[in-house]
Amino acid sequence: MRKTQLRLITFAAMTLDESYMRRCFELAMKADNDVGSNPFVGAIIVYKDKIIGEGWHQKQGTGHGEVNAYNSVKEENKRFLAESTIYVNLEPCFHFGKTPPCVDLILREKFKRVVISCIDPYGKVAGKSIAKLRENGVEVKVGVLEKEGRFIARRFITNVEKERPYIILKYAQSEDGFIGQQGKQVWLTNPVSKRCVHKWRSQETAIMIGTNTAEIDNPNLTTRLYKGPHPIRVILDRKGRLNESLNVFNEEAKTILISEKPREIKGVENILIDFNENFLPRLMTELLSFNIKSIIIEGGAKLLQSFINENLWDEARVFTAPVFLGSGIKSPQLPKVENIERAKIGTDGLTIFYADIN
């Protein structure tokens, strides 16, 4: 849920720096899939308690938040930059990539002060921009609403620090705690929730299911109910038994088949991997090497519980439908966590559990 409403910490008295940093957060959250593997970054420029420029990273390969904030400053106000503070939720970039380093822009324009929410953990940055600014006489304040800043950049930070995609578990359960019934397809959620799921799919890189889900439900795993890019379909099929006529192998979206047995299916990429010890951690590392930065796990209870047991998840989005099944496949069992969001999607309840947002 790229644009999920941020659960902000309540402060007895908000400082001015915190107030401006919250505006950076709002701008950063305007970003979407167009930024690719880059983090969400918002920036504002303040002169004498007045915002004279603001921007966010809008598209991969184009100017970052700091650049867009600078470009938004009116020409007559650029003479005030040397007396201004620039706020940014993530440490400005230090290295040349598809765009020049933002730290050099800040130094070139002689900003007086820089306020940063959290350090960029990427090895080519990782405090280097902060050090360079300070070495050049710029006042730098780091750690303003740091926990919230890391939450906004959580996909990017997970990729860097944990060397795997950001993992979202998604499932629906009945009021009495069942995810479905053995051997048959069971629909629990309402049409509004279903469309919400298609929106989520458009916001993440990939989606994964197991063999049984592919066979029983025969899903498309696309965003046909929402205008947005299809995720890459990642299908687990250890023994290579899935029929090529299944919807997941059609040409609507890219598909990666994970198996121990080589298969040739038109338009489908086959990754061979040993399904034994540490299979899921190894697979997640492998998928990151394919530039899969985030993934939704939409499989059955067994696959979902495997991720939970491995402590290999970042969010769990759980729908609870006003339905009683009485028996069937029990819902996955999540550990107790402190960070939870709740919402109502029509008649369905939605609970989002966060494994770790520190």
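Keep in mind that this is a model prediction, so the values were computed, not measured.

A. Focus on unusual backbone geometry. A positive phi angle is found at Ala126, which is not glycine, with a value near 40 degrees. The residue Ala126 is located in the loop between strand 4 (113–118) and helix 4 (128–135) in this model.

B. How the structure looks around the nonpolar core. Met208, Ile258, Ile295 and Phe307 are the most contacted members of the largest nonpolar core, which totals 33 residues. Only strand 6 (166–174), strand 8 (206–209), strand 9 (232–236), strand 10 (255–259), helix 9 (279–289), strand 12 (294–297), helix 10 (301–309) and strand 13 (315–321) provide two or more residues apiece to this core. When sequence neighbours within four positions are dropped, the list of residues in contact with Met208 reads Val234, Leu236, Leu283, Met284, Leu287, Ile295, Ile296, Ile297, Glu298, Gly299, Leu303 and Phe307. Cys196, Ile265, Ile296 and Ala321 belong to the second-largest nonpolar core, a separate cluster that totals 29 residues.

C. Fine view of the pattern of salt bridges. Per the stated rule, a full pass over the model turns up 25 salt bridges. Arg241 is the salt-bridge partner of Glu215, the closest N and O atoms lying 2.9 Å from each other. Taken together, the positions of Glu215 in helix 8 (residues 211–217) and Arg241 in the loop between strand 9 and strand 10 put the pair 26 residues apart, joining distant regions of the chain. Its relative accessible area of 37% is what places Glu215 among the partly exposed residues. Under the relative-accessibility criterion, Arg241 is labelled partly exposed at 48%. Several salt bridges converge on common partners, so that one network encompasses Asp17, Arg113, Glu139 and Lys141.

D. Highlighting the sheet that holds strand 4. Taken in spatial order, the five strands make up an open sheet running 2-1-3-4-5, and their pairing is mixed. Of all the strands in the sheet, the pair left with one neighbour each is strand 2 (50–56) and strand 5 (139–142). Across the sheet, the mean angle separating the axes of adjacent strands is 15 degrees when strand polarity is ignored. Of the pairings in the sheet, the one linking strand 1 (residues 42–47) to strand 3 (residues 85–90) comprises four bridges and is antiparallel in character. Bridging across to strand 3, Ile44 finds its partner in Tyr87.

E. Region of interest: the pairing of strand 6. Among the nine residues that make up strand 6, nine are buried, leaving the element largely enclosed by the rest of the structure. Side chains of strand 6 alternate between two faces, with Tyr166, Ile168, Lys170, Ala172 and Ser174 and Ile167, Leu169, Tyr171 and Gln173 buried alike. Of the pairings in the sheet, the one linking strand 6 to strand 12 comprises four bridges and is parallel in character. Paired with Ile167 across the bridge in strand 12 is Ile295. When strand 6 meets strand 13, the two strands line up parallel, connected through seven bridges. Within the sheet, the bridge partner assigned to Leu169 lies in strand 13 and is Ala316.

F. A look at helix 2 (residues 65–72). Listed in full, the buried residues belonging to helix 2 are Gly65, Glu66, Ala69 and Tyr70. End-on, the buried residues of helix 2 take up no more than an arc of 135 degrees, which puts them together on one face. Looking at the buried side of helix 2, the elements it contacts are strand 1, strand 2, strand 3 and helix 3 (102–108).

G. Representation of the sheet that holds strand 10 within the structure. Spatial strand order, 11-10-9-8-12-6-13-16-15: nine strands in an open sheet with mixed pairing. Looking at strand neighbours, the two that pair on one side only are strand 11 (268–272) and strand 15 (339–345), the edges of this open sheet. Between one strand axis and the next, the sheet turns by 20 degrees as a mean value, whatever way the strands run. Docked against the sheet, helix 6 (residues 154–161) engages strand 6, strand 12, strand 13 and strand 16 (348–354), running at close to 120 degrees with respect to strand 6. Relative to the sheet, helix 10 contacts strand 6, strand 8, strand 9 and strand 12, its axis offset from that of strand 6 by approximately 135 degrees.

H. Structural view of the packing of aromatic side chains. Counting across every chain of the model gives five aromatic pairs. Consider the rings of Tyr47 and Phe80, whose centres lie 4.4 Å apart with planes at 10 degrees: the pair is stacked. Pair noted here: Tyr47 is in strand 1 and Phe80 is in the loop between helix 2 and strand 3, with a separation of 33 residues, a long-range link. Each member of the pair, Tyr47 as well as Phe80, carries the same accessibility label: buried. Considering the side-chain rings of Trp200 and Phe319, the 5.5 Å spacing of their centres and the 20 degrees angle between planes classify their relative orientation as stacked. In this pair, Trp200 sits in helix 7 (residues 191–203) while Phe319 sits in strand 13, placing the two residues 119 residues apart along the sequence. The same class applies to Trp200 as to Phe319, namely buried. The ring of Trp200 has Arg317 sitting right over it, with the charged end atom 4.8 Å from the ring centre. Directly above the ring of Phe178 sits Lys330, whose terminal nitrogen or CZ lies 4.8 Å from the centroid.

How each quantity is defined
Residues numbered from 1 in each chain as written. Predicted model: local features only at pLDDT ≥ 70, side-chain atom pairs only at ≥ 80, totals over all residues. Heavy atoms only, no water. Helix = DSSP H or I, 4+ residues; strand = E, 2+ residues; numbered from the N terminus. Core = buried A, V, L, I, M, F, W, Y, C linked by side-chain atoms within 4.5 Å. Buried < 20%, exposed > 50% of the residue type's maximum accessible area, 1.4 Å probe, protein only. Contact = heavy atoms within 4.5 Å. Salt bridge = Lys/Arg side-chain N within 4 Å of Asp/Glu carboxyl O. Pairing = 2+ DSSP bridges. Axes fitted to C-alpha atoms, helices over the stretch in contact; angles between N-to-C directions. Arc of directions from axis to C-beta. Phe/Tyr/Trp six-rings, centres within 6.5 Å; stacked < 30°, edge-to-face > 60°. Lys NZ or Arg CZ within 6 Å of the ring centre and 35° of its normal.

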